[in-house]
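Structure at a glance
These are the residues of each chain, in order.
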Amino acid sequence: MDRETRLFAESHFRGLRGCLPCRVCPTPDHVDFIEKPDSFSYADFFKGYLLPNVPCVFSSAFTEGWGSRRRWVTPSGKPDFDYLLQNYGDVVVPVANCGVQEYNSNPKEHMPLRDYISYWKEFIQQDYSSSRGCLYLKDWHLCRDSSAEGVFTLPVYFSSDWLNEYWDCLDVDDYRFVYMGPAGTWSPFHADIFRSFSWSVNICGRKKWFFFPPGQEEALRDCHGSLPYDVTASTLLDSRQHCSPPLEVTQEEDTISINHNWVNGCNLANMWHFLQQELQTVQREVSEWRDTMPDWHHHCQVIMKSCSGINFEEFYHFLKVIAERRLLLLATETGPGEREGNKGTGLGPQQAAFDISRIAEVLASVVAHPDFEKLDTSVFSPRPEDLLQQLEELVAATASL
C-alpha cells in the first residue's frame, strides 16, 4: 500500500462515521471484468472494490502461472483425474450430499479422494445421476498439507488476509479451501464465515453465482428468522420481488475451484457487527434462564463460540495478534514479507499503519461494549484498555508517515 491509498482509505472510513460500508455504498448493477493484471494495481483493487465492498471478476490471466492450472486440468479443459489420483488419492476429503437438506445445509461424510473420483467418473457415465445422490467435495483444507506447495500463488490483491494470518499463528485452522464437483453440485444460500470477504478461482469448469446486495437477504427470511435453503426455489419468487435483482456470476460444468475467506481492515467492522448480532441471537434463545442460570453471560459466550466459531474473548485475541504483528512491523519499518514468520504477505509500513487505525477504531467499540465489560479481562495480556491506548497513540504518531 502506498501513502496516497492509505490516506484515501482513512478518509473513506472517516466519512462513514461509524456506519458499515455495505450500508452506505450504492449497489452495482453489474460486475466489472478485470482483464489485464499489468494494468490493474493493488491500489486499484483496494479503492474500487475492497473499500466499497463490491464484487468483480478477474480474467484467467491473473492465475495463468498457477501449478494447479497446469497439472490438475487435461488439455481439453477437464479435471485431470489421473493426476489428482496419483498425487492426492489417499487424502481424506469432506464430501457433501447436495440432494439432502440438513437444516439449511447438507450432511457431510469423509472419504479418500480416490473414492470420490471413482464416484465422480461413475456419475458422469450415468448421465450425471447416481443412486448415491449428488456429491460435492467442498471445504477441503489442502493448504494444511505440505503437498499443496506449488498449487497456487496468492495474488497480491488478497495479501492483507488477517483471518488466515491469525489462524496460521495458532496453527489450528485456516480458511483456504478446494472445491470439486460434477455439473449440478451446488451450495445452499448462505453468508460467508464471520461475514468475511471471499475469493474463488475456477481451475477448470464453470460456476453460476447469485449475489444479493447486503441487507436484501432480510426480505427472504422466514417467520423464524432463518434464511432460505435454496434461493432459486419457486416458492421464493414472491419474496424476491421485494429485493434488488441478484447479481449472477450451481456448477454448470465439472469444476474445480480454489477459494479463500479473508478479513482485513476494510471489513473488520462488518465482522464485529456480525459477532454482536450472533451474541444477541444466543441471548434471546436462552433469555428465560437469565435470572436463574449462574454465569448466564459466560454461558452465552460459550454457546456463541460453539455456534459461530468465535466469541468476544477470541475476537479480542484476534485483534491483539494482528495489532502486535503490525506494531512489530512499524517498529522495524520493514514489510512482513521480509520477516521470518510473515513470508510472502508483501505488506509494508503504510498498510500496517492503516491496519492499526482500523483495529483501534473497532477495539474502542469492543472495549465499550457492555457484554465485553462482563468478561474477566484482568487475565488478558495486554489489558484491552492498555492495547487500545497504545494503538491510539501510534495512530497519532503515524499520521505523517
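Just so we're clear, the structure is a prediction, and the values are computed from it rather than from any experiment.

Here we look at helix α5 (residues 81-88)
Inspection of α5 places F81, L84 and Y88 among the buried residues, and these make up the whole buried set. The buried residues of α5 occupy one face: seen down the axis, they fall within an arc of 70°. Exposed positions of α5 whose direction lies more than 90 degrees from the buried face are D82 and Q86. Where α5 is buried, its residues contact α6 (113-125), β5 (135-140), β6 (176-181) and β10 (255-262).

Structural notes on the sheet that holds strand β3 (residues 92-97)
The strand order across the open sheet formed by 6 strands is β4-β3-β5-β6-β10-β7, and the pairing between neighbours is antiparallel. Pairing within the sheet leaves two strands with one partner each, and these edge strands are β4 (108-112) and β7 (197-204). On average, each strand axis in the sheet is inclined to that of its neighbour by 30°, with strand direction left out of account. Note that β6 and β10 share 6 bridges and pair antiparallel. Residue V178 lies in a different strand from β10, and its bridge partner there is I258.

Here we look at the environment of E314
Among the structural elements, E314 can be located in helix α11 (residues 312-332). Counting along the chain gives 51 residues from E314 to S365, while the straight-line C-alpha distance between them is 15 Å. Excluding residues that lie within four positions of it along the chain, E314 makes contacts with Y166, W167, L170, K305 and G309. A polar contact is formed between the side chain of E314 and the side chain of K305, at a distance of 3.1 Å.

A word on the nonpolar core
Nonpolar side chains tend toward joint burial in soluble globular proteins. Ranked by internal contacts, the top residues of the largest apolar core, which has 102 residues, are W72, M180, F315 and F318. Per element, the largest residue contribution to this core is 11 residues, and it comes from α11. If you look at the next biggest cluster of nonpolar residues, it comprises 5 residues, including F189, L220, L227 and V231.

Some remarks on the side chain of N267
On the secondary structure map, N267 appears in the loop between β10 and α9 (268-285). Judged by relative accessible area, N267 falls into the buried class, the value being 2%.

Overview of the packing of α9 against α11
With their axes 11 Å apart at the nearest point, α9 and α11 run at an angle of 165° to one another. Between α9 and α11, the angle is such that the two are roughly antiparallel. Considering how the two elements wind past one another, α9 and α11 form a crossing that is left-handed. Here L268, M271, W272, L275, Q276 and L279 of α9 come into contact with α11, specifically with F312, F315, F318 and L319. For the contact of α9 with α11, the per-class residue count stands at 9 nonpolar, 1 polar and no charged.

Here's the deal with the packing of aromatic side chains
What the rule picks out here adds up to 47 aromatic pairs. Here W66 and W199 contribute two aromatic rings whose centre-to-centre distance is 6.2 Å and whose plane-to-plane angle is 65°, an arrangement assigned as edge-to-face. Separated by 133 residues along the polypeptide, W66 in the loop between β2 (56-58) and α4 (67-71) and W199 in strand β7 bring together distant segments of the chain. Each member of the pair W66 and W199 is classed as buried. When the ring of W167 is compared with that of Y175, the centres are 5.5 Å apart and the planes differ by 85°; the resulting orientation is edge-to-face. Across the pair, exposure class does not vary: W167 and Y175 are buried alike. Within the aromatic cluster, the residues linked to one another by ring pairs are F40, F45, Y49, F58, F62, W66, F152, Y157, F158, F197, W199 and W262. Taking the ring centre of F8 as reference, the NZ or CZ of K47 above it sits at 5.2 Å. The lysine or arginine in question, R358, covers the ring of F13, its NZ or CZ lying 3.7 Å from the ring centre.

With respect to the pattern of salt bridges
As enumerated under the stated definition, the model contains 15 salt bridges in all. A salt bridge links E253 to R206; its shortest N-O distance comes to 3.9 Å. By relative accessible area, R206 is classed as partly exposed at 45%. Here D355 makes a salt bridge to R326, at a shortest N to O gap of 2.7 Å. Residue D355 is located in helix α12 (residues 349-368), and its partner R326 is located in helix α11; the two are separated by 29 residues in the primary sequence. Of the two residues examined, D355 and R326, each falls in the buried class. Overlapping salt bridges bring together R144, D168, D173, D174 and R176 as one network.

Reading guide: rules and limits
Residues numbered from 1 in each chain as written. Predicted model: local features only at pLDDT ≥ 70, side-chain atom pairs only at ≥ 80, totals over all residues. Heavy atoms only, no water. Buried < 20%, exposed > 50% of the residue type's maximum accessible area, 1.4 Å probe, protein only. Helix = DSSP H or I, 4+ residues; strand = E, 2+ residues; numbered from the N terminus. Arc of directions from axis to C-beta. Contact = heavy atoms within 4.5 Å. Pairing = 2+ DSSP bridges. Axes fitted to C-alpha atoms, helices over the stretch in contact; angles between N-to-C directions. Polar contact = N/O pair within 3.5 Å; in protein donor to acceptor, adjacent residues only side chain to side chain. Core = buried A, V, L, I, M, F, W, Y, C linked by side-chain atoms within 4.5 Å. Parallel < 35°, antiparallel > 145°, perpendicular 65-115°, else oblique. Left-handed = near helix turned anticlockwise from the far one by under 90°. Nonpolar A, V, L, I, M, F, W, Y, C, P; charged D, E, K, R; others polar. Phe/Tyr/Trp six-rings, centres within 6.5 Å; stacked < 30°, edge-to-face > 60°. Lys NZ or Arg CZ within 6 Å of the ring centre and 35° of its normal. Salt bridge = Lys/Arg side-chain N within 4 Å of Asp/Glu carboxyl O.

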